[in-house]
Amino acid sequence: MCSRIIAEFHVEPEKLSEFKEVMKEALVDTRSFNGFIKLEIVEDVENCILYALSEWESHSHYDDYVAWRLENGLGDLLDQYLVEGLQGFKPHKVIETNM
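Rules used in this analysis
- Residues numbered from 1 in each chain as written.
- Predicted model: local features only at pLDDT ≥ 70, side-chain atom pairs only at ≥ 80, totals over all residues.
- Heavy atoms only, no water.
- Helix = DSSP H or I, 4+ residues; strand = E, 2+ residues; numbered from the N terminus.
- Expected span 1.5 Å × (residues − 1).
- Buried < 20%, exposed > 50% of the residue type's maximum accessible area, 1.4 Å probe, protein only.
- Contact = heavy atoms within 4.5 Å.
- Salt bridge = Lys/Arg side-chain N within 4 Å of Asp/Glu carboxyl O.
- Pairing = 2+ DSSP bridges.
- 1 Å grid on protein atoms, 1.4 Å probe; cavity = no way out; pocket = protein on both sides within 12 Å on 5 of 7 lines; lining within 4 Å.
- Points joined across faces, edges and corners; volume = space filled by probe spheres on them.
- Nonpolar A, V, L, I, M, F, W, Y, C, P; charged D, E, K, R; others polar.
- Arc of directions from axis to C-beta.

Student: What's the story with helix α1 (residues 16-31) in this structure? I'm lost.
Tutor: One turn of the α-helix equals 3.6 residues, which is why residues spaced by three or four share an orientation. Here α1 is 16 residues long and its end C-alpha atoms lie 22 Å apart, about the 22 Å a rise of 1.5 Å per residue gives. Among all positions of α1, only Leu 16, Phe 19, Val 22, Met 23, Ala 26, Leu 27 and Thr 30 are buried. Contact partners of the buried residues in α1: β1 (3-10), β2 (36-44), β3 (49-56), α2 (59-71) and α3 (74-79).

Written as structure tokens, this is what we have:
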């Protein structure tokens with residue numbers, strides 16, 4: 001079973017267009033990272049939040065990806081676009097549940 005991540009990006013409203021362009025370029029590398037399966041981006045237009053809904057082979061693969069991103073400076077780049085800096089990035093490791 002794959003692992004799922006819901007990552008929230010709380011973006012400063014006046015920087016949303018530029019943030020989308022930065023992310024579009026960054027996601028090329030995301031899609032080629034070891035363990036990546038699938039990604040969908042959705043937008044909460046009322047609250048200026050983007051959600052990255054991704055699937056990975058495991059949560060460990062996602063952790064490796066985040067560590068790699070932080071080591072390579074993406075955290076510093078995102079810091080300038082998000083509400084309260086990197087506090088505006090909120091990843092959630094989720095699993096499917098039966099209801």
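Student: Even after reading the chapter, I still don't get the pattern of salt bridges, so can you show me in this structure?
Tutor: Pairing is possible between side chains of opposite charge, provided their charged atoms come close. Inspection of every chain in the model, using the stated rule, returns five salt bridges. The partner of Arg 4 in a salt bridge is Glu 96, and the shortest N-O contact between them spans 3.8 Å. With a gap of 92 residues between them, Arg 4 in strand β1 and Glu 96 in the segment after β4 (89-94) connect regions that are remote in the sequence. Accessibility expressed as a relative area gives 33% for Arg 4, which makes it partly exposed. Connected through shared salt-bridge partners, Arg 4, Glu 55 and Glu 96 make up one network.

Student: Where do I start with the pairing of β3 in this structure?
Tutor: The side chains of a regular strand alternate between both faces of the sheet. Among the eight residues in β3, six count as buried, and that is most of the element. As defined by bridge partners, β1 adjoins β3 across eight bridges and the pair is classed as antiparallel. Considered in β3, the bridge of Ile 6 is made with Leu 53. Two elements, β2 and β3, share eight bridges in a ladder whose sense is antiparallel. Residue pairing in the sheet places Lys 38 in a bridge with Glu 55 of β3.

Student: So what exactly am I meant to see when it comes to the layout of surface pockets here?
Tutor: Where empty space is left can be seen by rolling a probe of water-molecule size over the atoms. Each pocket or cavity is described by its volume, and for the largest pocket that value is around 310 Å³. In terms of lining residues, the largest pocket is bounded by 22 residues, among which Phe 9, Tyr 62, Tyr 65, Val 66 and Phe 89 are the most central. Contributing elements (two or more residues each) for the lining of the largest pocket: β1, α1, β2, β3, α2 and α3. Broken down by element, the residue count for the lining of the largest pocket peaks at five residues, all from α2. Its residues assigned to classes, the lining of the largest pocket comprises 18 nonpolar, three polar and one charged.

Student: Please explain α2 as it appears in this structure.
Tutor: Along its 13 residues, α2 runs 18 Å from first to last C-alpha, staying within 8% of the 18 Å computed at 1.5 Å per residue. For α2, the complete set of buried residues consists of His 61, Tyr 62, Tyr 65 and Arg 69. Each buried residue of α2 sits inside an arc of 100° when the element is viewed along its axis, so together they form one side. In α2, the exposed residues that point more than 90 degrees away from the buried face are Leu 70 and Glu 71. In this structure, the buried side of α2 is in contact with β1, α1, β3, α3 and β4. Gly 73 lies just past α2 and shows a positive phi near 90°.

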